[in-house]
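Each chain is listed here by its residues.
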Amino acid sequence: MKLALYLPNFREKVTVGELEDLTALAEDLDFDSVWTLDRIVVPESSDRQELQYAFGMIEGFPKGLPVSSRGQWFQGMPLIPWLAAKTSKVRIGMSVIDTPYRAPGVLAAELGTIDHLSGGRLNVALGAGWMPEEFAASSASHIFPKRNKHVRETIEVIQGIWNNEVFEYHGEFADFEPCGFGAKPLQQPHPPIFFSGLKDPKRAANRVATYGLAGWIGIQDSPEDIRRWRGEIQRELDELDTARSIDDLEISSMIWFVITDQDMDQTPMGKGTNLLAGSATQITDMLKRYREAGLTMPMLWPPFADVPVAKTLDDLKRLKEEIMPKVEAM
């Protein structure tokens, strides 16, 4: 089981120094990867719990974000080349890049350059976004009803630009004649592409088979969720004319992580369950269950509030040095 760190660049207040300390520790502890979070805006309506949809479109969650509109968070995209310069071993990426906020050709070219800056350590995770208010602030309201199609076209443009000296594309969201876009990524045939969401296993399997995707990223998925999802997508892959298997995919999930002094209530509460928030014993047991279910890379997500970075640094050390040896010994 690999370990990934989800940097807390989206919280009420965080400093560059704190992000640097977390990143340096992840590299020292031989984590597989470090990821940033994509958040363009927090609408003021969120402070009043009046967003159009619940957080992440997750059933049972409030219609507000866990960070206020006046919070001092950092944008995730500029942090990726910063991570490239600050590290030498861990892979880097943003979970996930909401494609409707970016022009597909520009995104492809910029990611190609970042792959060079990182020495070929870039992961690319793509998703559709979920918050109409953020689409409006990004001048992309017209894309919201067709946001999944935008992701699909972005994948096609990215792969076309990366795999061809010159490339042309004629779609709804990208339409251009043959062009060169500069340096191709170092990784061959290209950086691994992860996808997010798409709880429809048929659509997910089609994308895996059509575009050769490398991984899937969920949010607060339980071991039961992971086992069911793996089974559903494998059944759909079996129906397709493809050699792809669910075992080819990196299966990851963004999961809130903190080690507590006492046991936490582990009662299932959907996406709000304390999955990796609990005592060292509880987290050990849960990671064993995840490993058995087929989660290959938990993405450890420090809480949005009430847990200082110094505490997270200690928790990451305990996880690597005390907990993971017990998990791997199963």
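The paragraphs below set out a description of the structure included in this document. Since the model is a prediction, treat every value here as computed from it, not as a measurement.

Section: the pairing of strand β10 (residues 250-259)
Taken across its 10 residues, β10 has 10 buried, putting it largely inside the fold. Bridge count for strand β9 (residues 215-219) against β10 is 5 bridges, and the pairing is parallel. Each bridged residue has a counterpart across the sheet, and for Ile219 the counterpart in β10 is Met254. Sheet topology note: the β10/strand β12 (residues 297-301) ladder contains 5 bridges and is parallel. Bridge pairing in β12 links Trp256 to Trp301.

Observations concerning the packing of helix α3 (residues 76-86) against helix α4 (residues 104-117)
Packing of α3 against α4 brings their axes to within 8 Å, and their N-to-C directions diverge by 25°. Relative to α4, the element α3 is oriented roughly parallel. Note that α3 runs across α4; the crossing there is left-handed. Contacts between α3 and α4 involve Met77, Ile80, Pro81 and Ala84 from the first element and Leu107, Ile114 and Leu117 from the second. Considered class by class, the residues forming the contact of α3 with α4 number 7 nonpolar, no polar and no charged.

Concerning α3
Taken together, the buried positions of α3 are Gly76, Met77, Leu79, Ile80, Leu83 and Ala84. The arc that holds every buried residue of α3, seen down its axis, measures 150°, which confines them to one face. For α3, the exposed residues set more than 90 degrees away from the buried face come down to Pro78 and Ala85. Where α3 is buried, its residues contact α1 (16-28), β2 (33-36), β3 (91-94), β4 (97-98) and α4.

Remarks on the side chain of Asn9
With respect to the element layout, Asn9 can be found in the loop between β1 (4-6) and α1. Within the structure, Asn9 has its side chain in polar contact with the backbone oxygen of Phe74 (distance 2.8 Å). Setting aside residues up to four positions removed in sequence, Asn9 forms contacts with Val14, Leu19, Thr36, Leu37, Trp73, Phe74, Gln75, Gly76 and Leu79.

Quick word on the pattern of salt bridges
Note that side chains of opposite charge can pair when their charged atoms are close. Evaluated as defined, the whole model comprises 19 salt bridges. Two residues, Lys2 and Glu250, come together in a salt bridge whose shortest N-O distance is 2.8 Å. On the criterion of sequence distance, the pair formed by Lys2 in the segment before β1 and Glu250 in strand β10 is long-range, its members being 248 residues apart. Under the relative-accessibility criterion, Lys2 is labelled partly exposed at 38%. On the accessibility criterion, Glu250 (14% relative accessible area) is buried. A salt bridge links Lys202 to Glu236, with the nearest nitrogen and oxygen atoms 3.2 Å apart.

With respect to unusual backbone geometry
Of note, the bond from Ser95 into Val96 is cis; its omega dihedral lies within 30 degrees of zero at -10°. By the element assignment, Val96 lies in the loop between β3 and β4. Residue Pro189 is reached from Gln188 by a cis peptide bond, and omega for that bond is 0°. Positionally, Pro189 belongs in the loop between β7 (175-179) and β8 (193-196). For Gln49, which is not a glycine, the phi torsion comes out positive at approximately 60°. Given the relative accessible area of 40%, Gln49 is considered partly exposed. Positive phi, close to 75°, is recorded for Asp306, a residue that is not glycine. Structurally, the position occupied by Asp306 is in the loop between β12 and α10 (309-328).

A look at the side chain of Ser118
Looking at the secondary structure, you find Ser118 in the loop between α4 and β5 (124-127). The exposure class of Ser118 is buried, given its relative accessible area of 4%. Ignoring sequence-local partners within four residues, the contact set of Ser118 consists of Ala84 and Ile92.

A short note on the packing of aromatic side chains
Summed over all chains, the structure comprises 17 aromatic pairs. Ring centres of Phe55 and Trp130 lie 6.1 Å apart, and the angle between their planes is 90°; this geometry places the pair in the edge-to-face category. Of the two residues, Phe55 sits in the loop between α2 (44-47) and α3 while Trp130 sits in the loop between β5 and α5 (132-137), which places them 75 residues apart along the sequence. With centroids separated by 5.0 Å and ring planes inclined at 90°, the aromatic side chains of Phe135 and Phe144 adopt a geometry described as edge-to-face. For Phe135, a relative accessible area of 0% translates into the label buried. Lying over the aromatic face of Phe10, Arg39 brings its terminal NZ or CZ to 5.8 Å of the ring centre. The ring of Phe144 is capped by Arg147, whose NZ or CZ atom sits 4.0 Å from the centre of that ring.

Quick word on the pairing of strand β6 (residues 167-170)
Alternating positions in β6 separate cleanly, Phe167 and Tyr169 being buried on one face and Glu168 and His170 remaining unburied on the opposite face. Bridge count between β6 and β7: 3 bridges; the pairing is antiparallel. What sits directly across from Phe167, in β7, is Cys179.

About the cut-offs
Residues numbered from 1 in each chain as written. Predicted model: local features only at pLDDT ≥ 70, side-chain atom pairs only at ≥ 80, totals over all residues. Heavy atoms only, no water. Buried < 20%, exposed > 50% of the residue type's maximum accessible area, 1.4 Å probe, protein only. Helix = DSSP H or I, 4+ residues; strand = E, 2+ residues; numbered from the N terminus. Pairing = 2+ DSSP bridges. Axes fitted to C-alpha atoms, helices over the stretch in contact; angles between N-to-C directions. Parallel < 35°, antiparallel > 145°, perpendicular 65-115°, else oblique. Left-handed = near helix turned anticlockwise from the far one by under 90°. Contact = heavy atoms within 4.5 Å. Nonpolar A, V, L, I, M, F, W, Y, C, P; charged D, E, K, R; others polar. Arc of directions from axis to C-beta. Polar contact = N/O pair within 3.5 Å; in protein donor to acceptor, adjacent residues only side chain to side chain. Salt bridge = Lys/Arg side-chain N within 4 Å of Asp/Glu carboxyl O. Phe/Tyr/Trp six-rings, centres within 6.5 Å; stacked < 30°, edge-to-face > 60°. Lys NZ or Arg CZ within 6 Å of the ring centre and 35° of its normal.

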